[in-house]
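In case you want the letters, here they are:
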Amino acid sequence: MPISTNNPSRKSWLDVPENSDFPIQNIPFGVFLTKDDVITIGTRIGNYAIDLGALQQLNYFEGIELTDDMFMQDTLNDFISDGKKTWRLVRNRIGDIFDSENPLLRDNDKHKDIIIFNIEDVEMQLPVLIGDYTDFYSSKEHATNVGKMFRDPENALLPNWLHIPVGYHGRSSTIVPSGIPVHRPMGQTLPNGETEPVFGSSRLVDFELETAFITTDANVMGENIPVGEAEDYIFGMVLLNDWSARDMQKWEYVPLGPFLAKNFATSISPWIVTMDALEPFRVKGPNQEPKPLPYLQQKGKNAFDIHLEVYIGTENSKEPNLVSKSNFKYMYWSMAQQLAHHTSNGCRVNSGDMMGSGTISGPTPDSFGSMLELTWGGKNPIKLNDGTERKFINDNDTVIMKGYCKNSSVRIGFGEVSSKLLPPFNRK
Ligand SMILES: O=C(O)/C=C/C(=O)CC(=O)CC(=O)O
Ligand SMILES: [Ca+2]
Ligand SMILES: [Mg+2]
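Just so we're clear, the structure is a prediction, and the values are computed from it rather than from any experiment. (Residues numbered from 1 in each chain as written. Chains lettered and ligands numbered in written order. Predicted model: local features only at pLDDT ≥ 70, side-chain atom pairs only at ≥ 80, totals over all residues. Heavy atoms only, no water.)

Moving on, we come to the overall build of the protein. Looking only at helices and strands, the protein features 10 helices and 26 strands. In terms of overall dimensions, the protein has C-alpha extents of about 70 × 55 × 45 Å along its principal axes. Buried positions account for 55% of the 428 residues belonging to the protein. Within the protein, counting contacts between residues at least 6 apart in sequence, those at least 24 apart form 72% of the total. As displayed, the protein has an accessible area near 19,300 Å², and 49% of this comes from carbon and sulfur atoms. (Helix = DSSP H or I, 4+ residues; strand = E, 2+ residues; numbered from the N terminus. Buried < 20%, exposed > 50% of the residue type's maximum accessible area, 1.4 Å probe, protein only. Contact = heavy atoms within 4.5 Å. Areas by Shrake-Rupley, 256 points an atom, 1.4 Å probe, with all protein chains shown as cover.)

So this is what it looks like as structure tokens:
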């Protein structure tokens with residue numbers, strides 16, 4: 001089935017500002033709340049939010065097999081469960097409905113009033129009910145940088161790293177969409193030079209620049225997903241900020257891995273950009289040497305060229321400060337390899353599960369994906385445009401991550417994940 005929606009010359013009858021992340025070739029999926037307190041599944045073109053529940057009720061999806069209330073729900077899980085064939089039919093149909101040549105909805109003002117909202121008039125929600133959340137550790141540059149700082153500069157990569165897409169199980173209960181502020185966590189740390197730990201607010205709160213992929217029901221317990229089929233089970237991607245309390249992490253995470261230092265908040269962008277929309281931006285990933293074991297071997301273009309940016313806004317900064325520019329294509333392990341590895345032992349993966357990429361650091365110091373790396377453990381503070389400087393993130397700073405793909409004919413973007421760090425909240 002062709003991906004007709006990707007035709008770069010197609011235009012929408014809805015206005016799309018130049019450089020928008022959401023041209024008619026994107027058609028992401030999300031969930032929003034309207035001013036009338038109606039919650040619905042939707043998509044976005046330009047600065048318009050489109051109510052897919054209303055589109056369905058008004059029969060615009062006729063001929064596509066869908067349950068009656070498919071889009072009148074507060075999560076995308078059921079739709080995602082329907083599988084790739086249905087995702088593609090629906091996305092292509094939306095492209096057709098909003099094509100500048102198609103008068104059906106374009107010339108029906110009554111329907112347009114019910115279906116189309118200004119993006120400022122809706123409140124974006126978490127797009128899926130995330131059952132399980134796993135975070136990988138798949139950037140070689142990031143693993144090397146942290147290894148140099150926290151472990152042995154001579155042997156920065158641990159011996160397993162080039163053989164296994166290393167990961168840990170996170171917490172889905174504290175995943176929030178863009179716009180929701182998060183509190184600086186309280187926790188246990190071992191102050192420098194001390195032998196006894198203390199309990200208090202973390203002093204070293206950091207961001208981690210990541211993407212994540214959302215899965216469909218992939219397997220039953222006991223069954224694995226071969227690497228060559230893994231992409232069929234990936235619905236789409238979001239941007240992810242894996243908030244991290246570095247002082248808590250350092251004290252707590254040996255030998256079992258991150259625990260409370262990372263599960264106090266994880267922020268994601270609200271629109272899931274489909275793998276179909278990202279298809280034109282496939283590129284070859286980094287060379288893998290030593291060759292992975294056969295169950296992880298992949299051919300062809302398995303990476304995606306997604307530009308990523310991190311900004312820090314402060315209370316006094318007129319404009320947020322650009323602090324990092326990275327790219328998803330630097331990732332050593334691909335999403336397919338991550339999913340194949342995750343299920344290689346028979347671990348079940350469900351619709352709406354979320355898999356974080358791991359911090360996405362590039363080869364140059366301006367492409368590092370965390371303050372830990374950008375300031376090299378706080379040694380080289382970053383100067384901001386309000387005259388202050390940062391080693392890590394201060395209370396009332398806002399961290400903004402943006403992501404987009406671009407070629408000569410089209411730009412497909414994610415919008416942003418933006419979240420403010422509030423002072424600690426502690427019930428005595
Ligand atoms: O290398 C370490 O000791 C620690 C690494 C992290 O904190 C990163 C982590 O959460 C996984 C990732 O984002 O790549
Ligand atoms: Ca992480
Ligand atoms: Mg986190």
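Next, the rest of the story.
Throughout the structure, instances matching the rule amount to 18 salt bridges. Within the structure, one salt-bridge network assembled from shared partners comprises Asp 206, Glu 208, Asp 242, Arg 246 and Lys 262. (Salt bridge = Lys/Arg side-chain N within 4 Å of Asp/Glu carboxyl O.)

Turning next to helix 6 (residues 140-150). Taken residue by residue, helix 6 has His 142, Ala 143, Asn 145, Val 146 and Gly 147 as its buried positions. On its buried face, helix 6 is in contact with helix 10 (371-374).

The next subject is the sheet that holds strand 9 (residues 182-183). What the five strands build is an open sheet, ordered 9-26-25-20-21; its pairing is mixed. Of all the strands in the sheet, the pair left with one neighbour each is strand 9 and strand 21 (321-327). Sheet analysis places strand 9 next to strand 26 (residues 411-422), joined by two bridges and oriented parallel. Across the sheet, His 183 pairs through a bridge with Leu 422, a residue of strand 26. (Pairing = 2+ DSSP bridges.)

Attention now moves to the site of ligand 1. The local shell around ligand 1 holds 16 residues, among which Tyr 137, Gln 249, Tyr 253, Lys 262 and Thr 359 are the closest. Separating an oxygen atom of ligand 1 from a side-chain N or O atom of Tyr 137 is a distance of 2.4 Å. With respect to the pocket detection grid, ligand 1 is positioned in the largest pocket. At the level of elements, strand 6 (133-136), helix 6 and helix 7 (246-252) are the ones that each hand at least two residues to the shell around ligand 1. Per-class residue counts for the shell around ligand 1 are five nonpolar, four polar and seven charged. (Near = heavy atom within 4 Å. Polar contact = N/O pair within 3.5 Å; in protein donor to acceptor, adjacent residues only side chain to side chain. 1 Å grid on protein atoms, 1.4 Å probe; cavity = no way out; pocket = protein on both sides within 12 Å on 5 of 7 lines; lining within 4 Å. Sits in = over half its atoms within 2 Å of the grid points. Nonpolar A, V, L, I, M, F, W, Y, C, P; charged D, E, K, R; others polar.)

A separate point is the coordination of the calcium ion (ligand 2). Put simply, the ideal angle at a metal is 109.5 degrees for four donors in tetrahedral geometry and 90 or 180 degrees for six donors in octahedral geometry. Only Asp 135 (OD), Glu 208 (OE), Glu 210 (OE) and Asp 242 (OD) from the protein coordinate the calcium ion (ligand 2), and they sit 2.2 to 2.3 Å from it. Considering all six donor atoms around the calcium ion (ligand 2), the spread of angles at the metal, 77 to 167 degrees, places the coordination shape in the octahedral class. Donor residues for the calcium ion (ligand 2), ordered by position in the chain, follow D-x72-E-x1-E-x31-D. With a gap of 32 residues between them, Glu 210 in strand 13 (residues 209-215) and Asp 242 in the loop between strand 14 (234-241) and strand 15 (244-245) connect regions that are remote in the sequence. Each member of the pair, Glu 210 as well as Asp 242, is classed as buried. (Donors = N, O, S within 2.8 Å, 3.2 Å for Na, K, Ca; no water. Tetrahedral: all angles 85-135°; square planar, octahedral: opposite > 155°, others 65-115°.)

What follows concerns the confidence of the model for the protein. Of all residues in the protein, 100% attain a pLDDT of 70 or more, and the chain-wide mean is 97. As scored by the predictor, the complex reaches a pTM of 0.98 and an ipTM of 0.94. (pLDDT = per-residue confidence, 0-100.)

Right, let's get into the side chain of Ser 357. As for its position among the elements, Ser 357 is in the loop between strand 22 (354-356) and helix 10. Setting aside chain neighbours within four positions, we find Ser 357 in contact with Asp 135, Phe 136, Tyr 137, Ser 138, Glu 210, Thr 211, Ala 212, Phe 328, Met 331 and Gln 338.

Of the protein atoms, only Asp 242 (OD), Lys 262 (O) and Thr 266 (OG1) coordinate the magnesium ion (ligand 3), at distances of 2.0 to 2.5 Å. Mapped onto the sequence, the donors of the magnesium ion (ligand 3) take the spacing D-x19-K-x3-T. On the criterion of sequence distance, the pair formed by Asp 242 in the loop between strand 14 and strand 15 and Thr 266 in strand 16 (residues 266-268) is long-range, its members being 24 residues apart. Note on accessibility: Asp 242 and Thr 266 belong to one class, buried.

When its volume is computed, the largest pocket comes out at roughly 560 Å³. Lining the largest pocket are 29 residues, with Tyr 137, Val 166, Tyr 253, Gly 257 and Pro 258 positioned closest to its centre. Listing elements by their share of the lining of the largest pocket, those giving two or more residues are strand 6, helix 6, strand 7 (167-169) and helix 7. Top contributing element to the lining of the largest pocket by residue count: helix 6, with three residues. Each residue belonging to the lining of the largest pocket can be placed in one class, and the counts come to 16 nonpolar, seven polar and six charged. For the second largest pocket, the calculated volume is near 460 Å³. If you trace the second largest pocket, you find 16 residues lining it, with Phe 150, Asn 192, Leu 204, Asp 247 and Lys 250 closest to the centre. Elements that contribute at least two residues to the lining of the second largest pocket include exactly helix 6 and helix 7. At four residues, helix 7 tops the list of elements feeding residues into the lining of the second largest pocket. Partitioned by chemical class, the residues of the lining of the second largest pocket number eight nonpolar, three polar and five charged. (Points joined across faces, edges and corners; volume = space filled by probe spheres on them.)

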